[in-house]
Amino acid sequence: MFDTAIIGLGAAGYTAAIYSARYKLTTLLVGEEEGGMGITAAEVGNWPGDIEVTGPELMERMKKHAASFTEVTLRQTRVSKVEKTKAGFRLTFADGKTEEARTVIFATGSNKRHLDVPGEKEFAGKGVSYCATCDAFFFKGKTVAVVGGGDSAVEGAAIVAQVARRVYLIHRRKEYRAEPYWVQKLREKNNVTLVLERQIKEIKGDQKVTELVLDKPFEGSDKIAVDGVFVEIGALPAVALAQTLGCALDERGYLKVDASMQTSVPGAFAAGDVSGGSNHFAQFVTAAGEGAVAVSGVFGFLQS
Ligand code: NAP
């Protein structure tokens, strides 16, 4: 029986494991995909102490740090179920095996949102991508569109513009919600066309994506010829495991937490993009901060 089981291998999970080990708690750190959403960041310029670092680099360093403690057992597998037991919680893995822990921290992150338009599913992986920073290289010299108006889309468009011939950034509003740093960076690019107040109605193609159909004409046509489209319209918190356990959600669908990051189920905590903490501001620093707070909560819970 572990003192705590941390589910999720992103910034929140790794940080929680580091703190947990330093509190001398026996810790199971488990998740399906190493690095979480953090590995999709091409350039991180707001992690204190690093003027610039890539997401994959930062996540690799966090992993190494977490795995350096003898208190931490790191396992890469999918957790398919979390149940309450008399002494704590039972985790069931994809292969049917189980482990028990006195407390649990959900650091399960989020999943990319989809446009839900015709052609999106059909051309997924054939021109439709959900990670501009991961797949930009495949569109060297091509024409692509990026959809969205938040940090992911605007940062993604700036990154893709470094390799693509032309980039259309399609956003449904007049204003971006992205960090002004990225908006300015984008405006400096001469191969980026900003398509505002437009939405994609359909993605068309043959073997691969060839065309986007817009809801309203842009520069005289409601069609844009492209080789690919990056859907960067945000993410939905991965709450399924915690919800099955009975953890309550907040008004926006994130795990509801108190000041110690404890969910509505005693002994079950949450940290990072899955939680409604930090004013829903999904950043490396807030995920890491919440991971630390959650462990301090776990420590208090185990002592009481
Ligand atoms: P986001 O901030 O939620 O923005 C999503 C964008 O997609 C919004 O502009 C939204 O439009 C648009 N959108 C949503 N659904 C749509 C639909 N069905 N059709 C068309 N457009 C749609 O998501 P994000 O950009 O992925 O960022 C998520 C979090 O990660 C944020 O907290 C962000 O700060 C953080 N992040 C940070 C960095 C960084 O610091 N470098 C990088 C990436 C992400 P509306 O504006 O109309 O709502």
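Reading guide: rules and limits
Residues numbered from 1 in each chain as written. Predicted model: local features only at pLDDT ≥ 70, side-chain atom pairs only at ≥ 80, totals over all residues. Heavy atoms only, no water. Axes fitted to C-alpha atoms, helices over the stretch in contact; angles between N-to-C directions. Helix = DSSP H or I, 4+ residues; strand = E, 2+ residues; numbered from the N terminus. Left-handed = near helix turned anticlockwise from the far one by under 90°. Contact = heavy atoms within 4.5 Å. Nonpolar A, V, L, I, M, F, W, Y, C, P; charged D, E, K, R; others polar. Domains from an automatic or database assignment. Buried area = accessible area lost by both parts, 1.4 Å probe. Patch = residues over 30% accessible without salt bridge, like charges linked within 9 Å, V, L, I, M, F, W, Y side chains within 5 Å. Areas by Shrake-Rupley, 256 points an atom, 1.4 Å probe, with all protein chains shown as cover. Salt bridge = Lys/Arg side-chain N within 4 Å of Asp/Glu carboxyl O. Lys, Arg positive; Asp, Glu negative; His and termini not counted. Charge placed at Lys NZ, Arg CZ, Asp CG, Glu CD. 1 Å grid on protein atoms, 1.4 Å probe; cavity = no way out; pocket = protein on both sides within 12 Å on 5 of 7 lines; lining within 4 Å. Points joined across faces, edges and corners; volume = space filled by probe spheres on them. Pairing = 2+ DSSP bridges.

A closer look at the packing of helix H1 (residues 11–22) against helix H7 (residues 284–303)
Between two packed helices, both the angle of their axes relative to each other and the distance between the axes serve to describe the pair.
Here's step 1: The N-to-C vectors of H1 and H7 enclose an angle of 35°; their axes lie 7 Å apart at closest approach. Note on packing geometry: the crossing formed by H1 with H7 is right-handed. From H1, Ala11, Ala12, Thr15, Ala16, Tyr19 and Ser20 reach across to H7, where they touch Phe284, Ala287, Ala288, Gly291, Ala292 and Val295.
Here's step 2: Broken down by class, the residue content of the contact of H1 with H7 amounts to nine nonpolar, three polar and no charged.

Describing the domain arrangement of the protein chain
Here's step 1: Domain parsing of the protein chain yields domain 1 (2–112 + 235–303) and domain 2 (128–231).
Here's step 2: Using only C-alpha atoms to locate each centre, domain 1 and domain 2 end up separated by 32 Å.
Here's step 3: On the side of domain 2, eleven residues touch domain 1, which itself brings seven residues to the contact.
Here's step 4: For the pair domain 1 and domain 2, the summed buried area comes to about 610 Å², and 45% of that belongs to carbon and sulfur atoms.

A short note on a positive patch on the surface
Here's step 1: There is a patch of like positive charges on the surface, built from Arg113, Arg172, Arg173, Arg177 and Arg252.
Here's step 2: For Arg113, the position within the fold is in the loop between strand E7 (110–112) and strand E8 (128–129).

Some details on empty space enclosed by the protein
Here's step 1: Scanning all chains against the criterion turns up one cavity of 30 Å³ or more.
Here's step 2: Taken as a whole, the largest cavity holds about 40 Å³ of empty space.
Here's step 3: Around the largest cavity sit Glu43, Ala158, Ile159, Gln162, Trp182, Lys185 and Lys189, which together line it.
Here's step 4: Listing elements by their share of the lining of the largest cavity, those giving two or more residues are helix H4 (151–160) and helix H5 (180–187).
Here's step 5: In the lining of the largest cavity, the residues fall into three nonpolar, one polar and three charged.

Quick look at the sheet that holds strand E14 (residues 221–225)
Here's step 1: Strands sit in the order E12-E13-E14 across an open sheet of three strands; the sheet is antiparallel. Unpaired on one side and paired on the other, strand E12 (200–205) and E14 mark the two borders of the sheet. Taking each pair of neighbouring strands and ignoring which way they run, the sheet shows an average axis angle of 25°.
Here's step 2: As paired strands, E12 and strand E13 (residues 209–218) are joined by five bridges and run antiparallel to one another. Directly across from Ile200, in E13, lies its bridge partner Leu214.

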